[in-house]
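# Coordinate analysis (summary)
Given next are the chains, with one letter for each unit.
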Amino acid sequence: MSNQISPLAFVHPEAQLGDGNIIGPFCYIDKNTILGDNNVLQNSVTINYGARIGNNNEFFPGASISTKPQDLKFHGEDTLCVIGDNNSIRENVTISRGTASKGKTVMGDNNLLMENMHLAHDCVLGSHCIIGNSTKFAGEVRIDDNAIVSATVLCHQFCRIGGYVMIQGGCRFSQDIPPYIIAGKEPTRYCGVNLVGLRRHGFSRDLIENIHEAYRLLYSEGILKDGIQKIKETLNVTPEIQYIIDFVESSQRGIIR
């Protein structure tokens, strides 16, 4: 199946396109770009140098992908922006390509990026995430699978957001948000386990209770290291509990309390 390219779009002769793509009017596709199959670019979408895009993605008007990083340390190095499959990237979303730090910005599969959100250089966004309107991730942020981040959230550079979280709208934070929780209020803090999200993903009642107990133990101690030790001594360390342990022990910025 051939591509449908509007006569009002510009596709660089060196761009590589698969099959079945729809390129709407006023789209711009630069050189050194690769698009897979069956992507839809509505009008006025920009695919910049270094983009590597998979299959079955839809880009809405004004989206700008693989833009030059907003980082003064960037000096034109040859970097990438890698996007997986089945993503919905809504109006005016901007995704920067990488810098010399990591070399690429990466996004997985089946994500919904709502209007006007920004994913900065060298970020790693997992799969099955929902990111709300006007949320901004600074450079080198990592977002694990199945995270839900509400609208107008501001995330400091180098933070990590755990899987299966729900972050309430309007939050701003500069520490890591561990998995399976609700984060909210001002300043952003732990607001309990994400019960609704975990049930929707098929977590059993016993597993949810185990996760809840892990956080009770973790936050009952003034020093997180002591809380982790209590978890190891007290609970059945399932893969989900091990994920919490590994997340906290590897955190570079500390976790919200």
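Throughout what follows, the structure given in this document is the object of discussion. This is a predicted model, so every value here is computed, not measured. (Residues numbered from 1 in each chain as written. Predicted model: local features only at pLDDT ≥ 70, side-chain atom pairs only at ≥ 80, totals over all residues. Heavy atoms only, no water.)

Moving on: the pattern of salt bridges. Overall, the coordinates contain 9 salt bridges when judged by the stated rule. Of the charged contacts in the structure, one is a salt bridge between R216 and E213, with a shortest N-O distance of 2.7 Å. Taken together, the residues R216 and E213, both in helix 2 (residues 205–220) and 3 residues apart, mark about one turn of the helix. Under the relative-accessibility criterion, R216 is labelled partly exposed at 45%. (Salt bridge = Lys/Arg side-chain N within 4 Å of Asp/Glu carboxyl O. Helix = DSSP H or I, 4+ residues; strand = E, 2+ residues; numbered from the N terminus. Buried < 20%, exposed > 50% of the residue type's maximum accessible area, 1.4 Å probe, protein only.)

For the rest of this paragraph, the subject is the sheet that holds strand 28 (residues 189–193). Sheet architecture is open: 11 strands sit in the order 1-4-7-10-13-16-19-22-25-27-28, paired in mixed fashion. Since the sheet does not close on itself, it has two edges, and those belong to strand 1 (4–5) and strand 28, each with one partner. When strand 4 (residues 22–23) meets strand 7 (residues 40–41), the two strands line up parallel, connected through 2 bridges. From the neighbouring strand, I23 faces strand 7, where its bridge partner is L41. Contacting strand 27 (181–184) and strand 28, helix 2 runs over the sheet at an angle of about 150° to strand 28. (Pairing = 2+ DSSP bridges. Contact = heavy atoms within 4.5 Å. Axes fitted to C-alpha atoms, helices over the stretch in contact; angles between N-to-C directions.)

So, on to the pairing of strand 27. Judged from the 2 bridges that link them, strand 25 (residues 166–167) and strand 27 form a sheet pairing that is parallel. Across the sheet, M166 pairs through a bridge with I182, a residue of strand 27. Relative to strand 28, strand 27 runs antiparallel, the two being bridged by 3 bridges. Residue pairing in the sheet places G184 in a bridge with R189 of strand 28. Counting the residues between successive antiparallel strands, the hairpin from strand 27 to strand 28 contains 4 residues, one of them, K185, with a positive phi of roughly 70°.

Once that is clear, we can look at the packing of aromatic side chains. Counted according to the given criterion, the structure contains 9 aromatic pairs. Arranged with centres 5.5 Å apart and planes meeting at 25°, the rings of Y190 and Y215 form a pair that is stacked. In this pair, Y190 sits in strand 28 while Y215 sits in helix 2, placing the two residues 25 residues apart along the sequence. The partly exposed category is assigned to Y190, whose relative accessible area is 22%. Seen in terms of ring centroids, Y190 and Y219 are 4.7 Å apart; in terms of plane orientation they differ by 35°. Their pairing is tilted. Highlighted residues: Y190 in strand 28 and Y219 in helix 2, separated in sequence by 29 residues. (Phe/Tyr/Trp six-rings, centres within 6.5 Å; stacked < 30°, edge-to-face > 60°.)

Keep in mind that these numbers describe shape and distance, not what the molecule does.
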